[in-house]
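# Working through the structure, step by step
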Amino acid sequence: MRAYEDWVIEAESKGKKLSEVILEDQMEELEQSEQTLFERMNNNLKVMRGSVEAGLSGKRRSVSGLVGGDAAKVEERRKIGDSLVGTEISGAIAKALAVAEVNACMGKIVAAPTAGSCGVLPAVLLTVEEVCRSSERDIILALFTAAGLGMVLTERASVSGAEGGCQAEIGSAAAMAAAAAVELAGGSPRQTADAAAIAMKSMLGLVCDPVGGLVEVPCVKRNATGATIALAAAEMALSGVRSAIPIDEVIDTMGRVGKQMPCALKETAQGGLAVTPTGRRIQADFL
């Protein structure tokens, strides 16, 4: 079974970025050139940028009417300088909402790792890009770091809400984003692992309870909170804060928790917020 720790050790021993080791691994496994893989990842980045822009326009509304326009509201408050949490965090919140809204409105997004959690990674990376003035190449490399962790998450646990609850979707996205953010900010391979573990630990047990079975409520807003958790985890790791539990053990734990979770709390819309009085009313009104 693939372990993130193996990549960390290899990167440390070779004095390379984690993304470089993951890229080399994928070149060998997929029998494709670095240029080919870079171009594919660059295309993903372009879609991410496009979905942020589309969502921030505030023009999209989902068929149900439950989603659309919130990203633009947060962005407007940020622009006039009224943000309670500062321009970087509020910008990440707006971007995460934007991408998740585009998904709910059937727009084009990158599943990272899933459609329901698509806003976390682009929001975090594009925020760190602004802060660190990162190059395009470095952002693409950071996406390989996120993708590598996504592969480990898929093999050791799950990234499916139907299988593991929302911890497997938003939790995985937050961990991937935290790891990528650390590398993009100049952190070490070990710090990417610590950031991922801290983010994932903060999401353990999160249920998947979509109102009416739609990937809208509470999914869209969870993308925003997932992005802020990822940034908090990255900040701690970059400061030298370590995770007491290694990332692979945290991932294994997430997998076990998902199996222990009742079906009502795993994307069936039979528990959690989906069965509140308001949740049932929304389902009756719109479905």
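Please refer to the structure higher up on the page.
Below: a short report on this structure.

Reading the values: the criteria
Residues numbered from 1 in each chain as written. Predicted model: local features only at pLDDT ≥ 70, side-chain atom pairs only at ≥ 80, totals over all residues. Heavy atoms only, no water. Helix = DSSP H or I, 4+ residues; strand = E, 2+ residues; numbered from the N terminus. Rg over C-alpha atoms; globule rule 2.2 N^0.38 Å. Contact = heavy atoms within 4.5 Å. Lys, Arg positive; Asp, Glu negative; His and termini not counted. Charge placed at Lys NZ, Arg CZ, Asp CG, Glu CD. Core = buried A, V, L, I, M, F, W, Y, C linked by side-chain atoms within 4.5 Å. Buried < 20%, exposed > 50% of the residue type's maximum accessible area, 1.4 Å probe, protein only. Phe/Tyr/Trp six-rings, centres within 6.5 Å; stacked < 30°, edge-to-face > 60°. Salt bridge = Lys/Arg side-chain N within 4 Å of Asp/Glu carboxyl O. Axes fitted to C-alpha atoms, helices over the stretch in contact; angles between N-to-C directions. Parallel < 35°, antiparallel > 145°, perpendicular 65-115°, else oblique. Left-handed = near helix turned anticlockwise from the far one by under 90°. Nonpolar A, V, L, I, M, F, W, Y, C, P; charged D, E, K, R; others polar. Polar contact = N/O pair within 3.5 Å; in protein donor to acceptor, adjacent residues only side chain to side chain.

### Quick word on the overall build of the protein chain
Looking only at helices and strands, one finds 13 helices and zero strands in the protein chain. Reading the helices (α) and strands (β) of the protein chain from amino to carboxyl end gives α-α-α-α-α-α-α-α-α-α-α-α-α. Computed over the C-alpha atoms, the radius of gyration of the protein chain is 18 Å, within 12% of the 19 Å expected from 2.2 N^0.38 for a compact globule of 287 residues. In terms of overall dimensions, the protein chain has a C-alpha envelope of 60 × 45 × 35 Å along the principal axes. Nonlocal contacts in the protein chain, meaning residues at least 24 apart in sequence, comprise 75% of its contacts between residues at least 6 apart. Once the 29 positive and 36 negative side-chain charges of the protein chain are each reduced to a mean point, those two points are 6 Å apart.

### Here we look at the side chain of Thr145
Following the sequence through the fold, Thr145 ends up in helix α7 (residues 136–156). Not counting chain neighbours up to four residues away, the residues in contact with Thr145 comprise Tyr4, Leu18, Ser19, Ile22, Ala179, Ala180 and Glu183.

### Topic: the nonpolar core
Most often, soluble globular proteins have nonpolar side chains that are buried together. Counting 84 residues, the largest nonpolar core has Tyr4, Leu121, Val124, Leu149, Leu153 and Ile247 as the members making the most contacts within it. Those residues within four positions of Leu153 in sequence are excluded, and the remaining contacts are Ser158, Val159, Ser172, Met176, Met200, Ile251 and Met254.

### Regarding the packing of aromatic side chains
Aromatic rings considered in pairs are described by the distance between their centres and by the relative angle of their planes. A complete count under the given rule lists one aromatic pair for this structure. Between Phe38 and Phe144 the ring centres are 5.8 Å apart and the planes differ by 40 degrees, which places this aromatic pair in the tilted class. With Phe38 in helix α3 (residues 34–56) and Phe144 in helix α7, this pair connects stretches of sequence that are 106 residues apart. We note that Phe38, like Phe144, is buried.

### Focus on the pattern of salt bridges
Going through the model one piece at a time under the given rule, you end up with 20 salt bridges. Its salt-bridge partner being Asp25, residue Arg2 comes within 3.5 Å of it at the nearest N-O pair. On the criterion of sequence distance, the pair formed by Arg2 in the segment before α1 (4–14) and Asp25 in helix α2 (residues 18–30) is long-range, its members being 23 residues apart. Arg2 gets classed as buried once you look at its relative accessible area, which sits at 18%. Taking relative accessible area as the criterion, Asp25 reaches 23% and is therefore assigned partly exposed. Arg49 serves as the salt-bridge partner of Glu129, at 2.9 Å between the closest nitrogen and oxygen. Taken together, the residues span a long stretch of sequence, with Glu129 in helix α6 (residues 120–132) and Arg49 in helix α3 at a distance of 80 residues. Under the relative-accessibility criterion, Glu129 is labelled buried at 16%. For Arg49, a relative accessible area of 27% translates into the label partly exposed. Through salt bridges that share partners, Arg2, Asp25, Glu29 and Glu155 make up one connected network.

### Digging into the packing of α3 against α7
Viewed as axis vectors pointing N to C, α3 and α7 meet at an angle of 95 degrees, and their least axial separation amounts to 10 Å. The orientation of α3 relative to α7 falls into the category roughly perpendicular. Contacts from Glu34, Leu37, Phe38, Met41, Asn42, Leu45, Met48 and Arg49 of α3 reach α7 at Glu136, Arg137, Ile139, Ile140, Leu141, Leu143, Phe144 and Ala147.

### Thoughts on the environment of Ala179
Looking at where Ala179 falls in the secondary structure, it is placed in helix α9 (residues 170–184). Sequence spacing of Ala179 and Ala234 is 55 residues, and the spatial spacing of their C-alpha atoms is 7.0 Å. Aside from chain neighbours lying at most four places away, what touches Ala179 is Tyr4, Thr145, Leu149, Thr192, Ala195 and Ala196.

### Some words on the packing of α1 against α2
Interhelical geometry of α1 versus α2 gives an angle of 110 degrees and a closest axis separation of 9 Å. Here α1 is positioned roughly perpendicular relative to α2, judged by the angle of their axes. In the packing of α1 onto α2, the handedness of the crossing is right-handed. Together, Tyr4, Trp7, Val8, Glu10, Ala11 and Lys14 of α1 and Leu18, Val21, Ile22, Glu24 and Asp25 of α2 make up the contact between the two elements. Taken together, the residues of the contact of α1 with α2 break down into seven nonpolar, no polar and four charged.

### Focus: the side chain of Ser64
Within the secondary structure, Ser64 is located in the loop between α3 and α4 (70–79). At a separation of 3.2 Å, a polar atom in the side chain of Ser64 contacts the side chain of Ser62. Among the polar contacts made by the side chain of Ser64, one reaches the side chain of Glu216 at a distance of 2.6 Å. Discounting chain neighbours no more than four positions away, the residues touching Ser64 are Leu214, Glu216 and Phe286.

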